[in-house]
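Per-entry structural report
Residue strings, one per chain:
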Amino acid sequence: MQPTGHLRGDAVRVGGDARQRFYDARGYGRPLDGNEIALSRVEAAHLLFRGDLSGIELGGDGSAGTDADPVGFERFFVASAAAADRFAVRFLVYSDLRDRGFYLSPAREPWPGGRDAASDAVDFVAYERGETPDTGNVKYPIQVVGERESVAAAGLAGRTLAVVDEESDITYFAAEGGAIDGATGYEPPTGLSGVLLADRVVVWDAPEGLYDRGFYGRPLTGRAADVEGALQLSLVEAASLAADGCLSLSASVGSPEVADADSGDAAARIVARGRDVEGERFDRRLAVYRRLRAADAVPKTGFKFGADFRTYLDVETVEDLPHSEHLVRVVGPGHEFSPRELSLDVRLAGGVRKEMVFALTEVGDGPPADGADVEWLAVDRLTP
């Protein structure tokens, strides 16, 4: 006959040979005195669902009633869903990972997983297959969310996100940190001069290498063109070149003309125009753009993919352009994802053979600083 559990507070106690049967052999619960163990509600529900417990007495928990007779899975599941936050979605993820062969622990003290949880947002830790909570290495720190919940971007790196949709299907995402580093060895020349238009800058006599080697801008060309060397720069490209002292403005449309403007004035004018065009997003995008260029990566617009940038890591020439490796979306440090939004971004990036990266950055009201903090967050689909 299978043992019976007894709900005490927020844990289910099981006696008899429970330590050998459940904890030592299969990694459930945490040991108490003798052979008794304590199970979290999710662990107890899973054992009850599998038929490894004959029932659970609810009498020790005032909030769950005063039943003396053990209840089955249905009663216990409903009582736990009423008493414990997000119990239903956590149970689904726990059961799925157990079925995949993982031992798991609740990521809270005094359960073994509490020592391995780096954040209160982590619900479970899953250990390497074949390893137990006592000695095992953590394979996945699991954060469980429903599809209608929000997920804070800050601090997500290093976790595995388990999203439970409305039909109880589970999608797993791996979130990792780490910066984007490239190997594009190009230094733009100084002495560039351009005209600031409504939302771009035109350099009329750009040197050939600025586009062909540095992949800055886009040539102003056409089938019947009789103009050579004209290059259109985006505002972020122009602002970055101006901040580096490479670009000055000979004129600007929509504001008084500037003759022989120094690079500092040029940078300020371009940034002001960028803020007029897209608000504070421009500062964030410029900070990330400059961080990528400083790391020898080449960022280009990601508009066609619904992102801020696509990145090339090693550009020799535009004629022999490699495949772009990342899609980058720029967000603030307090950004919260909806799981639907995250799934769409990651699915689209995977469909075009790129990695989805989010750049979290905070910028102020002054000129964009090269030292602006950027937290990189790469997210990809995962099959545990």
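Keep in mind the model is a prediction, meaning the values are calculated, not measured.

**A closer look at the pattern of salt bridges**
For the coordinates displayed, the defined rule picks out 24 salt bridges. A salt bridge links Asp10 to Arg41; the shortest N-O distance between them is 2.7 Å. Within this pair, whereas Asp10 is found in the loop between strand S1 (4-8) and strand S2 (11-14), its partner Arg41 is found in helix H2 (residues 41-50), the two being separated by 31 residues in sequence. For Asp24, the salt bridge goes to Arg19, with nearest N and O atoms at 3.7 Å. Since its relative accessible area comes to 41%, Asp24 is described here as partly exposed. Within this structure, Asp85, Arg86, Asp123 and Glu149 form a network of salt bridges that share partners.

**Some details on unusual backbone geometry**
Trans peptide bonds make up most of the peptide bonds, and negative phi angles are found at most residues other than glycine. The amide bond that connects Glu109 to the next residue, Pro110, takes the cis arrangement and shows omega of 5 degrees. Relative to the elements of secondary structure, Pro110 occurs in the loop between strand S6 (104-106) and strand S7 (124-127). Of note in the backbone geometry, Arg86 takes a positive phi value of approximately 55 degrees without being a glycine. Here Arg86 lies in the loop between helix H3 (73-83) and helix H4 (87-99). Residues other than glycine seldom take positive phi values, yet Ser168 does so here, at roughly 70 degrees. If you trace the backbone, Ser168 turns up in the loop between strand S10 (160-164) and strand S11 (170-176).

**Looking at the sheet that holds strand S4 (residues 37-40)**
Taken in spatial order, the five strands make up an open sheet running S3-S4-S2-S1-S5, and their pairing is mixed. The strands lining the two open edges of the sheet, one partner per strand, are strand S3 (30-31) and strand S5 (55-57). Relative to S4, S3 runs antiparallel, the two sharing two bridges. By the bridge assignment for S4, Arg30 is matched with Ala38. Across the sheet, helix H1 (residues 18-26) is in contact with S2, S3 and S4; its angle to S4 comes to roughly 50 degrees. Packed on one face of the sheet, H2 meets S1, S2, S4 and S5 and runs near 95 degrees to S4.

**Some remarks on the layout of surface pockets**
What the largest pocket holds in volume is close to 720 Å³. What lines the largest pocket is a set of 25 residues, and nearest its centre among them are Arg200, Ser234, Glu237, Lys300 and Thr301. Among the elements of the structure, strand S15 (231-234), helix H6 (235-243), helix H7 (263-278), helix H8 (281-294), strand S17 (298-301) and strand S18 (309-312) are those that each provide at least two residues to the lining of the largest pocket. By residue class, the composition of the lining of the largest pocket is twelve nonpolar, four polar and nine charged.

**Section: the confidence of the model for the protein chain**
When the pLDDT values of the protein chain are averaged, the result is 91; 91% of them are 70 or greater. Ignoring residues within four places in sequence, the model shows residues 257-263, a span with pLDDT below 50, making 13 contacts including any to other chains.

**Remarks on the UniProt feature "domain: tRNA intron endonuclease catalytic" (unreviewed entry) in the protein chain**
In the numbering adopted here, UniProt assigns the feature "domain: tRNA intron endonuclease catalytic" (unreviewed entry) to residues 282-362. Taken end to end, residues 282-362 comprises 32% helix and 28% strand; its first and last C-alpha atoms sit 12 Å apart.

**Re the sheet that holds strand S16 (residues 247-252)**
On the basis of which strands lie adjacent, the open sheet formed by five strands has the order S14-S15-S13-S12-S16 and mixed pairing. Only two strands of the sheet have a single neighbouring strand rather than two, namely strand S14 (218-219) and S16. In this structure, strand S12 (residues 192-196) lies alongside strand S13 (residues 200-203), joined through two bridges in antiparallel fashion. In the sheet register, Val195 faces S13, and the bridge partner there is Val202.

**Digging into a negative patch on the surface**
Residues Glu208, Asp314, Glu316, Glu319 and Asp320 make up a contiguous surface patch of negative charge. If you trace the backbone, Glu319 turns up in the loop between S18 and strand S19 (326-331). A residue is classified by how much of its surface remains accessible, and Glu319, at 82% relative accessible area, is exposed.

Rules and cut-offs
Residues numbered from 1 in each chain as written. Predicted model: local features only at pLDDT ≥ 70, side-chain atom pairs only at ≥ 80, totals over all residues. Heavy atoms only, no water. Salt bridge = Lys/Arg side-chain N within 4 Å of Asp/Glu carboxyl O. Helix = DSSP H or I, 4+ residues; strand = E, 2+ residues; numbered from the N terminus. Buried < 20%, exposed > 50% of the residue type's maximum accessible area, 1.4 Å probe, protein only. Pairing = 2+ DSSP bridges. Contact = heavy atoms within 4.5 Å. Axes fitted to C-alpha atoms, helices over the stretch in contact; angles between N-to-C directions. 1 Å grid on protein atoms, 1.4 Å probe; cavity = no way out; pocket = protein on both sides within 12 Å on 5 of 7 lines; lining within 4 Å. Points joined across faces, edges and corners; volume = space filled by probe spheres on them. Nonpolar A, V, L, I, M, F, W, Y, C, P; charged D, E, K, R; others polar. pLDDT = per-residue confidence, 0-100. UniProt positions renumbered as here; feature names shortened; annotations may be inferred. Patch = residues over 30% accessible without salt bridge, like charges linked within 9 Å, V, L, I, M, F, W, Y side chains within 5 Å. Areas by Shrake-Rupley, 256 points an atom, 1.4 Å probe, with all protein chains shown as cover. Lys, Arg positive; Asp, Glu negative; His and termini not counted. Charge placed at Lys NZ, Arg CZ, Asp CG, Glu CD.

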